[in-house]
Amino acid sequence: MTDPSTIDPTTIDPTTIDPTTIDPTPCITPAETPSAGRRSGGRAGRAALRASHVVERVPFLTRTMRPYEILGEESLAIIEHTADTVLEEVGIEVRDYPEALPVFAAGGAHVEGTRVRFPRGMCRDIVGRLAPATYTQHARNPINSVEIGGNSTVFAPNYGSPFVHDLDGGRRYATLADFQNFVKLAYMSPWLHHSGGTVCEPVDVPVSKRHLDMVYSHLKYSDKPFMGSVTSGARAADSVELARIGFGGELHDRTVMTSLINASSPLVWDGTMLAAAQCYAEHNQACIITPFILAGAMAPSTSAGVAVQTLAEALAGMTFVQLVRPGAPVVFGSFASSMSMQTGAPTFGTPEPAMVLYTVAALARRLGVPFRSGGSLTASKLPDAQAAYESANTLQPTILGGVNFVLHAAGWLEGGLAIGYEKFVLDCDQLGMMSTFVRGIDVSENGLALDALRTNPPGNHFLGTAHTLANFESAFYRSDTADNSSFEQWTEEGGLDAAQRANALWKRRLREYEAPALDSAIDEELQAFVARRKHDLPDEFA
């Protein structure tokens, strides 16, 4: 029997999937999880209180603390020098995209066949001089536009999983209905600033056509920023055209998509990614240039070695974008995972990837470009304790390291093979906590509370003071998934664990979802473009 965790989603033929194994009901018309016993003022009352509490929505986070640094200037300079040595002596391989070779050569690189070598300092000079330090990604609703770079942090959901998981149906192949559900859930969360891209792979739609449904869904069911398709240059072009229509007919050189361009580590850039990057750069759309590294397999096993290779690969990719269109926005990306030397499986929440994150974040700041990394990553198959602590061990370095764009911030399970409904809700709650944390300590007159300390006699509690009454609604972060009641009350109300509470929450949110406004003429034009392109494209499942 085939182990599903080894399946490549791009080879899945949905026509061979037994439809009886795909139960869309939990995703489309979910029922509330029953609980044993309700009482006035109990869980229902607390839920009503939470619902009445208006959460302040911010389009992105603004960090007030300095990023945490683990290496000094000398060590970072050594890594930069070593990466330049790799680019100069080893170079990168360009596969299946001869169009990139004259672009590199015109920029000053040495091209021999498909190998491209770079004079020392060439990439750093081009990227540092031309790439913007920050940029705005415009949303269809302007109040949701995000700033990427500087002291800003943008949270985006999971990306690329072929499977979904929920407590009702377990693990199953993702469908377009699932994709749309997660777009809706991301739209409803005040803690996710971005709609993401391939939130999950809708394997019930042909590979050749699913990008049309995914980009349309981002435009239809959300008005937050989103990502385009990168699985071919033509699909990137379709994404640009859908974005143009969705934004009213012209982009006017605005950046409205930030899309993920992955290196084929070690030291290879392939035609699929380069063609997509070229298309987006030509239209002034942002590219996240990300080496995707499993340390010990796709890079050296040492953290410094991973940082060196990451910098070299990213510099080459960002240089290509700048040579295509000087000034096109790029994000320096890093995805580095450790691995089990016993099984070869990726591991998450371990110390080594955190050290790489801190290091590469500092390298991105020195280069002067935005940085992408981190998330809420876990190898767990369930929203359990392992998922919680591994995700926390990834999310905390993400925040402390000063990451600007955080992909996989919510929903990631099973090393990325699955996205979990309950995990999505639990992760969003943690993102909310981070939004409070990054604001730091308020040392204003109200924050210092001197009047309260003066007027409240020693030995008296502060529960009824004017200061407490003025601040109680906003003083502390309110979790919508944690249970803080007594054991007896928790037992009486069903004794639900965190995942069970999250199960009820995602179902309720989908029932309460209301789509953002979309001009009917624009919607008709989007649908017409999707229909026309689907008619022109053959069904392909590989």
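The following paragraphs examine the structure supplied in this document. Note that the coordinates shown come from a computational prediction; the quantities given were computed from them, not determined experimentally. (Residues numbered from 1 in each chain as written. Predicted model: local features only at pLDDT ≥ 70, side-chain atom pairs only at ≥ 80, totals over all residues. Heavy atoms only, no water.)

**Topic: a nonpolar patch on the surface**
Piece 1. A cluster of nonpolar side chains, namely Tyr68, Ile70, Met355, Leu400 and Phe437, defines an oily patch on the protein surface of about 440 Å² accessible area.
Piece 2. Note that Leu400 resides in helix α12 (residues 385-400).
Piece 3. Since its relative accessible area comes to 32%, Leu400 is described here as partly exposed. (Patch = residues over 30% accessible without salt bridge, like charges linked within 9 Å, V, L, I, M, F, W, Y side chains within 5 Å. Areas by Shrake-Rupley, 256 points an atom, 1.4 Å probe, with all protein chains shown as cover. Salt bridge = Lys/Arg side-chain N within 4 Å of Asp/Glu carboxyl O. Helix = DSSP H or I, 4+ residues; strand = E, 2+ residues; numbered from the N terminus. Buried < 20%, exposed > 50% of the residue type's maximum accessible area, 1.4 Å probe, protein only.)

**Some words on the pairing of strand β14 (residues 335-339)**
Piece 1. With respect to burial, β14 is a largely interior element, 5 of its 5 residues being buried.
Piece 2. Burial along β14 is two-sided: Phe335, Ser337 and Met339 and Ala336 and Ser338, pointing in opposite directions, are all buried.
Piece 3. Where strand β12 (residues 286-294) meets β14, 3 bridges bridge the pair, whose relative direction is parallel. Looking at β14, one finds that Phe292 is bridged to Phe335.
Piece 4. Counting the residues that bridge the hairpin from β14 to strand β15 (residues 346-347) gives 6 residues, and of these Gly344 lies at a positive phi of roughly 85°. (Pairing = 2+ DSSP bridges.)

**So, the sheet that holds strand β11 (residues 268-270)**
Piece 1. Spatial ordering of the open sheet is given by β3-β4-β2-β11, a layout of 4 strands whose pairing is mixed. Both outer strands of the open sheet, β3 (110-112) and β11, are each paired with one neighbouring strand and no more. Averaged over all adjacent pairs, the angle separating strand axes in this sheet is 25°, with direction ignored.
Piece 2. Bridge count for strand β2 (residues 92-95) against strand β4 (residues 115-117) is 2 bridges, and the pairing is antiparallel. Note that in β4 the partner of Ile92 across the bridge is Val116.
Piece 3. Across the sheet, helix α9 (residues 271-282) touches β2 and β11, and the angle it forms with β11 is around 65°. (Axes fitted to C-alpha atoms, helices over the stretch in contact; angles between N-to-C directions. Contact = heavy atoms within 4.5 Å.)

**Focus on the nonpolar core**
Piece 1. Counting 134 residues, the largest nonpolar core has Ile92, Phe118, Phe155, Met318 and Phe332 as the members making the most contacts within it.
Piece 2. The greatest single-element share of this core, amounting to 11 residues, is contributed by helix α10 (residues 303-324).
Piece 3. The contact partners of Ile92, leaving out residues within four places of it in the chain, are Leu87, Phe104, Thr114, Arg115, Val116, Phe118, Leu267, Trp269 and Ala316. (Core = buried A, V, L, I, M, F, W, Y, C linked by side-chain atoms within 4.5 Å.)

**Regarding the packing of aromatic side chains**
Piece 1. For the coordinates displayed, the defined rule picks out 14 aromatic pairs.
Piece 2. Considering the side-chain rings of Phe104 and Phe118, the 5.5 Å spacing of their centres and the 80° angle between planes classify their relative orientation as edge-to-face. Here Phe104, found in helix α4 (residues 100-106), pairs with Phe118, found in the loop between β4 and α5 (122-130); they are 14 residues apart in sequence, far enough to count as distant.
Piece 3. With a relative accessible area of 2%, Phe118 lands in the buried category.
Piece 4. Aromatic side chains Phe348 and Trp412 sit 5.6 Å apart centroid to centroid with 75° between the ring planes, which places their arrangement in the edge-to-face category. Linking Phe348 in the loop between β15 and α11 (351-367) with Trp412 in strand β18 (residues 412-413), this pair joins segments that are 64 residues apart in sequence.
Piece 5. Using a relative accessible area of 6% as the deciding quantity, one classes Phe348 as buried.
Piece 6. Grouped by ring-pair contacts, the aromatic residues Phe182, Tyr421, Phe424 and Trp506 constitute a single cluster. (Phe/Tyr/Trp six-rings, centres within 6.5 Å; stacked < 30°, edge-to-face > 60°.)

**Section: unusual backbone geometry**
Piece 1. Note that the residue after Ser265, namely Pro266, is joined by a cis bond; omega there is 5°.
Piece 2. Structurally, Pro266 is set in the loop between β10 (258-263) and β11.
Piece 3. Positioned with a positive phi, Leu267 is a non-glycine residue whose angle comes to about 60°.
Piece 4. Inspection of the secondary structure assignment puts Leu267 in the loop between β10 and β11.
Piece 5. The buried category is assigned to Leu267, whose relative accessible area is 17%.
Piece 6. Although it is not a glycine, Glu414 adopts a positive phi angle of roughly 55°.

**Some thoughts on the environment of His81**
Piece 1. Among the structural elements, His81 can be located in helix α3 (residues 73-89).
Piece 2. For His81, a relative accessible area of 46% corresponds to the partly exposed category.
Piece 3. For the pair His81 and Val308, spaced 227 residues apart in the sequence, the C-alpha separation amounts to 8.9 Å.

**Side note on the sheet that holds strand β8 (residues 163-166)**
Piece 1. Taken together, 4 strands build an open sheet; the order of strands is β9-β8-β19-β18 and the sheet is mixed. With one partner strand each, in any of the chains shown, β9 (170-173) and β18 form the two edges of the open sheet.
Piece 2. Bridge count for β8 against strand β19 (residues 418-420) is 3 bridges, and the pairing is parallel. Within the sheet, the bridge partner assigned to His165 lies in β19 and is Gly420.

By themselves, these are just geometric observations and shouldn't be taken as functional.
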